[in-house]
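A closer look at the structure
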Number of protein chains: 2
Amino acid sequence: MRRMTARPANAHQARLLRLLRDGGPTSRAQLGDRMDLSRSRLAVEVDRLLDTGLVIADGLAASRGGRRSHNIRLSPALRFLGVDIGATSVDVAVTNAELEVLGHLTQPMDVREGPVAVFEQVLAMAAKLRASGPAEGFDGAGIGVPGPVRFPEGVPVAPPIMPGWDGFPVREALSQELGCPVMVDNDVNLMAMGEQQAGVARSAKDFLCVKIGTGIGCGIVVGGEVYRGTTGSAGDIGHIQAEPDGRPCACGNRGCLEAYFGGAALARDAEAAVREGRSAELAARLEAAGRLAATDVAAAAAAGDAAALDLIREGGTRTGQVLASLVSFFNPGLVVIGGGVTGLGHTLLAAIRTQVYRQSLPLATGNLPIVLGELGPVAGVTGAARLISDHLFSPA
Amino acid sequence: MRRMTARPANAHQARLLRLLRDGGPTSRAQLGDRMDLSRSRLAVEVDRLLDTGLVIADGLAASRGGRRSHNIRLSPALRFLGVDIGATSVDVAVTNAELEVLGHLTQPMDVREGPVAVFEQVLAMAAKLRASGPAEGFDGAGIGVPGPVRFPEGVPVAPPIMPGWDGFPVREALSQELGCPVMVDNDVNLMAMGEQQAGVARSAKDFLCVKIGTGIGCGIVVGGEVYRGTTGSAGDIGHIQAEPDGRPCACGNRGCLEAYFGGAALARDAEAAVREGRSAELAARLEAAGRLAATDVAAAAAAGDAAALDLIREGGTRTGQVLASLVSFFNPGLVVIGGGVTGLGHTLLAAIRTQVYRQSLPLATGNLPIVLGELGPVAGVTGAARLISDHLFSPA
């Protein structure tokens, strides 16, 4: 199959492509309502896009009186690859041009195995998706990694939980292997973009998306765009101090939020609860599996285990304390909580909410929804597809 | 004198006006280099601006080979009024179109006297500036107030240190009194805009500007634009919790940063140091004046008084602790420290720096300058003039 060879020639064409991505098949008349363009100029730009094959005609639109207009839509042949590399798992999905997921694979994986091993697995999963039908090839790929990224170059920098990744040319290497354009970002930013594209943040312009997985990070969206900071580390809230002179953290500092909560801290604290004889439920699970994970704490809490519920409440309270400061500072319109630990559900959410509503400025919380993400593991891969489509649907 | 009656007719004209504001007299050739416009279109837009009188010809430009080009500049008759209302003083200045301060008055004043009394004083100061020469009238005015503002309407909301101001229609009332367009913003945002326009943040795109006056606030600039948050309270960091279950704060909460530092806390702690017999220097000043202010602590510290130095160091450390979290979160390219308390100078700056560099993520601080503001009391009024000029130099 011939892959996407054309790019929009100007800002108008780029905007048309994004409108069609986000709105699906649309009539010329409707596009005219949304674009600040004369009718004749709009017709010229649409015709040029039809010539490139990026856009096709798609039947007659509903009548608005007068001559009926043709719907146009993005080429149904376009395929994007979304890759979401977490600390302990990898998700790979293929989407169409409207960023609908057509196929999705997830596998456990340890990011500490390093980029070569991880990308071998990613490429095998992408090949499997290709073989199983939803895509013959990819027009572009978005990749999320669990650490800060020098965004313009697509290179991870000094990632604390990713030894071996520092400076690895992810963008260049994968672009060569996949034979298509690649964009790389932090996994938390992609979760935020995914929830904005197809989840709970659809109408939000200024919001925070907190990902609680093995670690804790925060996607920051300003005016609808991800804010990455001066060196790409914006939103790295896991190493904000939650307790002066507190617990030692893997980063070398003391008292960081991640030393108290997140998947890694939760597993460690659950094992401590077993050693101290505080939970029969967790003890049984430890005996069965040899180790505990956040999912065990979630299951024990669901079964009413008091120690597990306490761990979740304490973690939520710590997270809420840090978030309360950030809410006072950033005055967001929405806070989304996502990531693997959302299996902890409403106990966690209630603890976070209580702390933020108690501690932040009333003016900042008066109208502030704090909600769980809607998309689960689909958020990251959807955000990854959005990332590469934003890049491809920009003037060349 | 005829006041500014025209507004730019389109985005190109608006951009030309801002280039001339920020760059001063410029040749058509240089403008052509900076605008993405054809030569003929540029000539049309410049000619239209000349017709409005907003822009005038200003002598021949330096030769670049070929026919010499005329310089053009903003009308030298344009005058902006900048008003910076603090908790305990008010600054009023008049600027030309390039935002250079032509006259500046400052007077003590208590914002708690309410908007009617405060604006009477502001109008008297503006009249004095008019009478003394630099302006016969004003083409627009920017006003800063020490609390959150509902920006689109120009109305203060629930300002904790400004009883009587909640909901007062500042923009509408002053626009009527002054007979010119008015824009209203939080004083801290204006300080950030002033330092960006003419001070230490000239080349910064993503930065924080911390104002330590009677209270503590933070201007947030993203991509060169002030970020105000969903309800206009972004940057209100004075009520971030610095100490769980700490000192009671005037806001009703406990442990807020402002309960520990800022002009009000500093004066109170200095008087406590006198009562406890810890400072002969401060005791002498209290006896002479009947009360202490932040300036007394600054003077005592400059004289080597140990208690005063301790108060400044403790306050700087508290401020640094809160800032460290915000630096990890926001990953700014620059942090500016300004406001009345900058009289405390390098002792304060050193304490803030030590805490931020120790506690924030290395990736966020690796290249992060933390510096004092350059403009002092001129920052706010310059930012106020910039605010109204941004508004007037936008398409109508």
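For the structure itself, consult the block above.
The notes below deal with the structure included here. Predicted, not measured: the structure shown is a model, and the values here were computed from it.

**So, the interface of chain B and chain A**
Taken together, the contact between chain B and chain A spans 35 residues of the former and 35 residues of the latter. Taken together, the two surfaces of chain B and chain A that pack against each other cover about 3,000 Å², and 60% of this comes from carbon and sulfur. Summed over the three residues of chain B that lose the most area to chain A, namely B:Tyr227, B:Phe329 and B:Leu363, the buried surface amounts to 26% of that side. In this assembly, chain B and chain A are joined by zero salt bridges. Put simply, the parts of the chain that give the side of chain B that touches chain A at least two residues each are strand 12 (216–222), helix 10 (306–330), helix 11 (345–359) and helix 12 (362–365) of chain B. The leading source of residues in the side of chain B that touches chain A is helix 10 of chain B, at five residues. Looking at the side of chain B that touches chain A residue by residue, the class counts come to 17 nonpolar, 14 polar and four charged.

**Describing the pairing of strand 5 (residues 89–95) of chain A**
When a strand is regular, its side chains alternate between the sheet's two faces. All names here are of chain A. Of all seven residues in strand 5, six are buried; the element is thus mostly enclosed. Where strand 4 (residues 80–85) and strand 5 come together, six bridges link them in antiparallel fashion. Paired with aspartate 84 across the bridge in strand 5 is aspartate 91. In sequence, strand 4 turns back onto strand 5 through a hairpin of three residues. Sheet topology places strand 5 next to strand 6 (residues 101–108); seven bridges connect them, and they run antiparallel.

**Brief notes about helix 8 (residues 280–289) of chain B**
With a side-chain oxygen lying 2.9 Å from the backbone nitrogen of B:Leu282, the N-terminal cap of helix 8 of chain B falls on B:Ser279. Where helix 8 of chain B terminates, the next one or two residues include B:Gly290, which has phi positive at roughly 85°.

**Looking at the pattern of salt bridges**
Residues and elements named next belong to chain B. Evaluation of the coordinates by the stated rule reveals 40 salt bridges over all chains. A salt bridge links arginine 18 to aspartate 390, with the shortest nitrogen-to-oxygen separation between them at 3.7 Å. Here the residue arginine 18 occupies a position in helix 1 (residues 11–23), and aspartate 390 occupies one in helix 13 (residues 378–392), the gap between them amounting to 372 residues. Of the residues examined, arginine 18 reaches a relative accessible area of 26% and is grouped as partly exposed. A residue is classified by how much of its surface remains accessible, and aspartate 390, at 14% relative accessible area, is buried.

Analysis parameters
- Residues numbered from 1 in each chain as written.
- Chains lettered and ligands numbered in written order.
- Predicted model: local features only at pLDDT ≥ 70, side-chain atom pairs only at ≥ 80, totals over all residues.
- Heavy atoms only, no water.
- Contact = heavy atoms within 4.5 Å.
- Buried area = accessible area lost by both parts, 1.4 Å probe.
- Salt bridge = Lys/Arg side-chain N within 4 Å of Asp/Glu carboxyl O.
- Helix = DSSP H or I, 4+ residues; strand = E, 2+ residues; numbered from the N terminus.
- Nonpolar A, V, L, I, M, F, W, Y, C, P; charged D, E, K, R; others polar.
- Buried < 20%, exposed > 50% of the residue type's maximum accessible area, 1.4 Å probe, protein only.
- Pairing = 2+ DSSP bridges.
- Polar contact = N/O pair within 3.5 Å; in protein donor to acceptor, adjacent residues only side chain to side chain.

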